[in-house]
Amino acid sequence: MKLARVEKDLSQQELADLVQATRQTVGLIEKGKYNPTLKLCLRIAWALEKTLDELFWEENKND
Amino acid sequence: MIKKKFNMDERNINIARKVLSRLYIATIWMIVVDIFYRTFALRQRPDQYEDLAIIMTVNVFLLLGFLLYYGGLTLDKIKPLKVILFYIGFVVLGTIFTALKYRITDFQALIGKVVIIASICAIMVALFLIIAYLGKRRVEKEISEE
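So, how was this worked out
- Residues numbered from 1 in each chain as written.
- Chains lettered and ligands numbered in written order.
- Predicted model: local features only at pLDDT ≥ 70, side-chain atom pairs only at ≥ 80, totals over all residues.
- Helix = DSSP H or I, 4+ residues; strand = E, 2+ residues; numbered from the N terminus.
- Buried ≥ 20, exposed ≤ 12 C-beta atoms within 10 Å, placed from the backbone.
- Contact = placed C-beta atoms within 7 Å.
- Nonpolar A, V, L, I, M, F, W, Y, C, P; charged D, E, K, R; others polar.
- Arc of directions from axis to C-beta.
- Core = buried A, V, L, I, M, F, W, Y, C linked by C-beta atoms within 7 Å.
- pLDDT = per-residue confidence, 0-100.
- Axes fitted to C-alpha atoms, helices over the stretch in contact; angles between N-to-C directions.
- Parallel < 35°, antiparallel > 145°, perpendicular 65-115°, else oblique.
- Left-handed = near helix turned anticlockwise from the far one by under 90°.

Caption draft 1: Representation of the overall build of chain B. Scanning chain B from terminus to terminus reveals 5 helices and 0 strands. N-terminal to C-terminal, the α/β element order of chain B is α-α-α-α-α. For chain B, with 146 residues in total, the buried portion stands at 5%. Sequence separation of 24 or more characterises 66% of the internal contacts of chain B that already satisfy a separation of 6 or more.

As structure tokens, then:
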């Protein structure tokens with residue numbers, strides 16, 4: 001997500017404003033320390049023009 | 001209003017809700033401790049802290065009612081045995097409180113009160129079951145809506 005944000009040349013604050021969240025929340029999501037709701041995930045995906053897969057998908061570590 | 005004023009997002013709201021619910025539980029425990037303190041340290045009679053008893057009772061009813069209506073507790077998960085235990089718990093607590101409040105030592109007099117308490121508790125349990133049913137119907141309606 002951080003990569004996608006930097007690609008769009010957005011600061012954490014700017015992205016936060018676009019998705020109606022706080023800068024701290026964006027920072028915590030990027031660090032993997034906060035699990036956003038699907039609603040917020042979608043807002044972030046729309047703002048960064050990416051799919052949910054591209055932003056949040058992780059391979060199963062157990063495989 | 002508060003959400004906008006404090007610029008709260010979903011994470012802030014979640015944290016605020018967690019803090020509020022934990023403080024709510026802490027407040028209930030503090031009231032329980034206060035009742036024990038008044039009973040055993042200050043030697044107060046139950047009728048001297050009737051206000052707290054009313055607050056606690058109303059609190060429990062509202063808590064259960066809201067949990068049942070808004071789906072915090074679902075009817076599917078409520079087993080008949082749990083309802084019966086819940087009912088017995090209400091009757092026992094009600095009897096203890098009544099016996100202490102009116103200083104009833106006579107068994108016959110207590111039985112008379114137990115009948116009244118059991119009837120009131122039956123009405124309350126029935127009311128909770130109705131609320132649970134209405135809550136379930138509300139959720140089902142939301143699911144079926146397009």
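Caption draft 2: Structural detail: the interface of chain A and chain B. The partner chain B presents 5 residues to the 7 residues of chain A that form the contact. Residue composition of the side of chain A that touches chain B, by class: 3 nonpolar, 4 polar and no charged.

Caption draft 3: A look at helix H4 (residues 38-48) of chain A. Inspection of H4(A) places A:Leu40, A:Ile44 and A:Leu48 among the buried residues, and these make up the whole buried set. The buried residues of H4(A) occupy an angular sector of 65° when projected down its axis, which confines them to one face. Exposed residues lying more than 90 degrees from the buried face of H4(A) are A:Leu38, A:Lys39 and A:Trp46. Of the surrounding secondary structure, the elements contacted by the buried residues of H4(A) are helix H1 (2-7) and helix H5 (52-56) of chain A together with helix H2 (10-41) of chain B. The first or second residue beyond H4(A) is A:Glu49, which carries a positive phi of 55°.

Caption draft 4: Fine view of the nonpolar core. Residue and element names in this part refer to chain A. Counting 10 residues, the largest nonpolar core is built from Met-1, Leu-15, Ala-16, Val-19, Ala-21, Val-26, Ile-29, Leu-40, Ile-44 and Leu-48. Looking at this core, the elements with two or more residues in it are helix H2 (12-18), helix H3 (23-31) and H4. It is H4 that provides the largest number of residues to this core, a total of 3 residues. Ignoring anything within four residues of it in the chain, the contact list for Met-1 reads Ile-29, Glu-30, Ile-44 and Leu-55.

Caption draft 5: Local environment of unusual backbone geometry. If you check the backbone angles, A:Gln20 has positive phi at about 55° while not being a glycine. Counting through the fold element by element, A:Gln20 comes out in the loop between H2 and H3. One non-glycine residue, B:Arg43, lies in the positive phi region at around 55°. Mapped onto the secondary structure, B:Arg43 falls in the loop between H2 and helix H3 (50-69). By C-beta crowding, B:Arg43 is classed as exposed, having 8 other C-beta atoms within 10 Å.

Caption draft 6: How the structure looks around the confidence of the model for chain B. Residue and element names in this part refer to chain B. Per-residue confidence for chain B gives a mean pLDDT of 85, with 95% of residues at or over 70. Ranking the elements of chain B by mean pLDDT puts helix H1 (residues 2-5) last, at 66, and H2 first, at 91. Interface confidence for the predicted complex, expressed as ipTM, amounts to 0.78; the pTM equals 0.69.

Caption draft 7: Focus on the packing of H2(B) against H3(B). Residues and elements named next belong to chain B. At a minimum axis distance of 11 Å, the contact between H2 and H3 shows a crossing angle of 150°. The angle between the axes of H2 and H3 places the two elements in the roughly antiparallel class. Crossing of H2 over H3 shows left-handed handedness. Across the interface between the two elements, Ile-28, Ile-31, Asp-34 and Ile-35 of H2 pack against Leu-52, Met-56 and Asn-59 of H3. Here the contact of H2 with H3 is built from residues that sort into 5 nonpolar, 1 polar and 1 charged.

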